[in-house]
Amino acid sequence: MSASHNFSAADIMSANIEGIQRGLNIAMVALQRELRITLSKKGTGVAYRGGKKGKGSYRRRSAPFNPPAVDTGTLRNSVQTATVENRTGRDFVSVVMSGLVAGVNKDARIPLWLEKGTRYMHDRPFIAPSIKVVKPKVVDIIELQMDKAIKRMRTRAMRAAQ
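Rules used throughout
- Here the residue index of a chain counts from 1 through its sequence in written order.
- In keeping with the predicted nature of the model, local features appear solely for residues at pLDDT of at least 70, side-chain atom pairs appear and are counted solely at 80 or more, and the whole-chain, interface and lining totals rest on all residues.
- Each side-chain value is worked out from all heavy atoms of the structure, with water and hydrogens disregarded.
- Elements are defined by DSSP. Helices are runs of H or I of four residues or more, strands are runs of E of two residues or more, and each kind is numbered from the N terminus.
- The span one expects for a helix is its residue count, reduced by one, times 1.5 Å.
- What we call the bend at a residue is the angle made by axes fitted to the seven residues finishing there and the seven residues starting there.
- Relative accessibility decides the category of a residue: with a 1.4 Å probe and only protein chains considered, values under 20% of the type maximum give buried, values over 50% give exposed, and everything between is partly exposed.
- The contact criterion used throughout is that any non-hydrogen atoms of two residues lie within 4.5 Å.
- Buried Ala, Val, Leu, Ile, Met, Phe, Trp, Tyr and Cys residues that are joined via side-chain atoms within 4.5 Å together make up what is termed a nonpolar core.
- Here, a salt bridge means any Lys or Arg side-chain nitrogen found within 4 Å of an Asp or Glu carboxyl oxygen.

Asks: Please provide a residue-by-residue account of helix α4 (residues 127–161), values included.
Replies: With 35 residues, α4 ought to run about 51 Å at 1.5 Å a step, and its terminal C-alpha atoms sit 48 Å apart, in line with that. Along α4, the helix axis deviates most sharply at K137, where the bend reaches about 40°. Within the sequence span of α4, burial applies to S130, V134, I141, I142, Q145, A149, I150, M153 and A157. In this structure, the buried side of α4 is in contact with α1 (9–38).

Asks: Could you give me a rundown of the nonpolar core, with the residues and numbers involved?
Replies: Core analysis: the largest hydrophobic core is formed by 10 residues, namely A30, L31, L35, L39, L75, V79, M97, L114, F126 and V134. Broken down by element, the residue count for this core peaks at three residues, all from α1.

Asks: I'd like a rundown of the environment of P125, residues and numbers included.
Replies: On the secondary structure map, P125 appears in the loop between α3 (110–116) and α4. With a relative accessible area of 16%, P125 lands in the buried category. Each C-alpha atom of the pair P125 and N66 lies 6.4 Å from the other, and the pair is 59 residues apart in sequence. Excluding its chain neighbours within four sequence positions, the residues that come into contact with P125 are F65, N66, P67, P68, L114 and E115.

Asks: Help me get a handle on the pattern of salt bridges, residues and values and all.
Replies: Summed over the entire model, instances satisfying the criterion amount to three salt bridges. A salt bridge links R22 to E18; its shortest N-O distance comes to 3.4 Å. Taken together, the positions of R22 and E18, both in helix α1 and four residues apart, correspond to about one turn of that helix. Residue R22 is classed as partly exposed on the basis of its relative accessible area of 38%. Residue classification places E18 among the buried positions, given a relative accessible area of 17%. Connected through salt bridges with shared partners, the residues E18, R22, R152 and R156 form a single ionic network.

Asks: I'd love a proper account of unusual backbone geometry, names of residues and values included.
Replies: In this model, F65 sits at a positive phi of 70°, which is unusual for a non-glycine residue. Secondary-structure assignment places F65 in the loop between β2 (58–60) and α2 (74–78).

Asks: Lay out the environment of A157 in plain terms, naming residues and giving numbers.
Replies: Counting through the fold element by element, A157 comes out in helix α4. Residue A157 is classed as buried on the basis of its relative accessible area of 13%. Between the alpha carbons of A157 and F7 there is a distance of 8.8 Å; along the sequence they are 150 residues apart.

Asks: Give a detailed account of the side chain of Q32, specifying residues and quantitative values.
Replies: Position of Q32 among the secondary structure elements: in helix α1. Once you skip the residues sitting within four places of it in the chain, Q32 turns out to touch V79, Q80, T81 and V95.

This is the structure:
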């Protein structure tokens, strides 16, 4: 037995918004994962003795124009996703550098210095390359989530009709 249901424009719009929101949330988690992968790479620059782990150990700096090399892992560990409520009351996932907050931590400017460089140091970009990897996947992720939201809407309507 087949049942049909006429959906209002508001129902369809609501399902599409739900799918877009879920898709963007998944994309933000993918960006967080990619940032952490990028920030986990070993340095390819000059080797030196010292660093945070002691004077007897050898470290390798990141080469200019390559992602920052891992020393203590603080920058990598600071990359978190956080739920943020926007003006419409919907919650969205956002990627933040949680451990590096201006006014609370003097190192809050370090990600910007690494990404853009300073007059004393070439840039070591990690945000732009991570976005470049995730960006082509975002449309597919959102489309998939919108399809799933429409299917959920249909399923709810069928259950309500029974």
